[in-house]
Amino acid sequence: MKYVFYLGSYTEMITPAFGGTGEGIYVLSFDEVKLKIELLHIVGIANPAYIVISSDNKFLYTITEIVKTKKPKLKSFAIKDDYSLDFICEQEIFGGLPCHLSCTDNFVFVACYETGDIHSYKIEGGGIISEAAHTFRHNGSSINKTRQEGPHAHQIAIHPNGVSIYVPDLGIDTIKAYKIADKQIVKDYLSDIVLPKGNGPRHMVFNKKGTSGYVMNELNGDVCIIKNNKNRWEHIASYPSLPSSFKGIPSGSAIRLHPNGNYLYVANRTIDAITIFKIEEDYLTLLGYQKVKGKTLREFNISKDGKWLFACLQDSNELVVYSIDSSSGVLKEKLRNTEVKSPVCIVFLNRNYL
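Residues numbered from 1 in each chain as written. Predicted model: local features only at pLDDT ≥ 70, side-chain atom pairs only at ≥ 80, totals over all residues. Heavy atoms only, no water.

### Quick look at the sheet that holds strand β7 (residues 85-92)
Item 1. The sheet built from four strands is open, its strands ordered β4-β5-β6-β7 with antiparallel pairing. Each end of this open sheet is capped by a strand with a single partner; those strands are β4 (51-53) and β7. Each adjacent strand pair in this sheet contributes to an overall mean axis angle of 20°, direction not counted.
Item 2. Where strand β6 (residues 73-79) meets β7, seven bridges bridge the pair, whose relative direction is antiparallel. (Pairing = 2+ DSSP bridges. Helix = DSSP H or I, 4+ residues; strand = E, 2+ residues; numbered from the N terminus. Axes fitted to C-alpha atoms, helices over the stretch in contact; angles between N-to-C directions.)

Below you can see the structure in the form of structure tokens.
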């Protein structure tokens, strides 16, 4: 069986020390029998730092992660039969350093790190996106004077109910809540989730029922468990994802839930390892750490069937493929690809397997 996936890369430097030398979006396939990755296409786009595919697997949306003065864009593509991308349209993002996006059947949502705001775009049909329909700017700061001098929206997390939207904001230690109502997005103040000071929430995931959530905090490396109680979220526990011997500066980067709901995987750039937890009701049990043996573990993703985990190593220019033991959560390295440059995000096409 073969899997088709799309990999985003940094194509230019955002700061003198951060960015990359990739070529845009890489379109690739993975043969699980031959353990071989094949490059199918390359689409030249500036810093496509995150990618999302529509629920019908017909359209792909991406962002150009550049500062506000350079006018970042939201771009829409049709996915062709040969898995190449056919450009449809683009809209300007009136924020800076867009770092994440998500979509429903009717909206695309974008989070901007530099300016601490989110933007919603209506999908008019056929993958066509309108100009930004709504913009919401966050306010505030927190105790880390270097990283939390202001708001930094970092993710758009859509709840399994398809209506509620949550935005982890690293700069204000709060997950801001919104909802889709009357075909528009509105604030949902009563559902905001306040986390401990200095956490720096980056990404979150929900269980299938949407009753529990897990938050990766970039600034301290902790994973927070949140639980829905009478339609309000409560922070019930925090677990370190870094070893007790760790003495450096944490830099959490990604979090994923295994499709079977039993295992939680968390990425940390400082130790370049994936921390593996077993989910036990309302608590987590640490199973171990998977060293990726490369530099700057950024995003990773898990195939829909739960058999494979693909990890992006931004600064060592590597894509690492691990098999997943669904009965234990253990990862085993199967393939290391060095043809892609500066990989930072990955999404699987679930339209079909080849």
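### A word on the sheet that holds strand β29 (residues 343-348)
Item 1. If you walk across this open sheet you meet the four strands as β3-β2-β1-β29, and the pairing is antiparallel. The sheet terminates laterally at β3 (36-43) and β29, the two strands that pair on one side only. Geometrically, the sheet is characterised by an average inter-axis angle of 30° between neighbouring strands, direction not taken into account.
Item 2. Two elements, strand β1 (residues 2-9) and β29, share five bridges in a ladder whose sense is antiparallel. Paired with F5 across the two strands is F348, which belongs to β29.

### A word on the side chain of H159
Item 1. On the secondary structure map, H159 appears in the loop between β12 (157-158) and β13 (164-169).
Item 2. Here the side chain of H159 touches G210 through a polar contact of 2.9 Å, landing on its backbone oxygen.
Item 3. With sequence-adjacent residues up to four places away left out, H159 is seen in contact with S164, Y166, F206, G210 and W233. (Polar contact = N/O pair within 3.5 Å; in protein donor to acceptor, adjacent residues only side chain to side chain. Contact = heavy atoms within 4.5 Å.)

### Structural notes on the pairing of strand β22 (residues 263-268)
Item 1. By the criterion of burial, β22 is predominantly enclosed, with six of the six residues buried.
Item 2. Covered by surrounding structure in β22 are Y263, Y265 and A267 together with L264, V266 and N268, the residues of both alternating faces.
Item 3. In this structure, strand β21 (residues 252-257) lies alongside β22, joined through five bridges in antiparallel fashion. Residue pairing for β22: R256 is matched across the bridge by Y265.
Item 4. In textbook terms, the turn of a hairpin is the stretch between consecutive antiparallel strands, and for β21 and β22 this stretch comprises five residues, one of which, G261, has a positive phi near 75°. (Buried < 20%, exposed > 50% of the residue type's maximum accessible area, 1.4 Å probe, protein only.)

### Overview of the nonpolar core
Item 1. If you look at the biggest cluster of nonpolar residues, it comprises 33 residues, and the most contacted ones within it are Y6, L60, Y61, L74, L101, V108 and V110.
Item 2. If you look at the next biggest cluster of nonpolar residues, it comprises 17 residues, including Y265, I302, A311 and V320. (Core = buried A, V, L, I, M, F, W, Y, C linked by side-chain atoms within 4.5 Å.)

### Notes on the packing of aromatic side chains
Any two aromatic rings considered together are summarised by their centre-to-centre distance and by the angle between their planes.
Item 1. Here the structure, examined in full by the defined rule, presents 13 aromatic pairs.
Item 2. Note on F77 and F87: the rings are 5.6 Å apart at their centroids and 70° apart in plane angle, and the pair reads as edge-to-face. Of the two residues, F77 sits in strand β6 while F87 sits in strand β7, which places them 10 residues apart along the sequence.
Item 3. With a relative accessible area of 4%, F77 lands in the buried category.
Item 4. Seen in terms of ring centroids, F136 and Y178 are 5.1 Å apart; in terms of plane orientation they differ by 50°. Their pairing is tilted. Of this pair, F136 sits in strand β11 (residues 128-137) while Y178 sits in strand β14 (residues 174-181), and the two are 42 residues apart along the sequence.
Item 5. Under the relative-accessibility criterion, F136 is labelled buried at 14%.
Item 6. When its relative accessible area of 2% is taken as the criterion, Y178 is described as buried.
Item 7. The structure contains a cluster of three or more aromatic residues connected by ring pairs, namely Y3, F5, F30, W308, F310 and F348.
Item 8. When the ring centre of Y263 is taken as reference, the NZ or CZ atom of K278 above it lies at 5.8 Å. (Phe/Tyr/Trp six-rings, centres within 6.5 Å; stacked < 30°, edge-to-face > 60°. Lys NZ or Arg CZ within 6 Å of the ring centre and 35° of its normal.)

### What to know about the pattern of salt bridges
Item 1. Scanning the entire structure with this criterion turns up 11 salt bridges.
Item 2. Salt-bridge contacts for R137 lead to D117; the nearest nitrogen and oxygen are separated by 2.3 Å. Of the two residues, R137 is situated in strand β11 and D117 in strand β10 (residues 117-125); the sequence distance between them amounts to 20 residues.
Item 3. Accessibility expressed as a relative area gives 44% for R137, which makes it partly exposed.
Item 4. Among the residues examined, D117 registers a relative accessible area of 0% and is labelled buried.
Item 5. With a shortest N-O distance of 3.0 Å, R336 and E318 are connected by a salt bridge. One end of the pair, R336, is in strand β28 (residues 331-337); the other, E318, is in strand β27 (residues 318-324), with 18 residues separating them in the sequence.
Item 6. A relative accessible area of 25% places R336 in the partly exposed class.
Item 7. Residues joined by salt bridges that share partners form a network here, namely R147, R202, E218 and R269. (Salt bridge = Lys/Arg side-chain N within 4 Å of Asp/Glu carboxyl O.)

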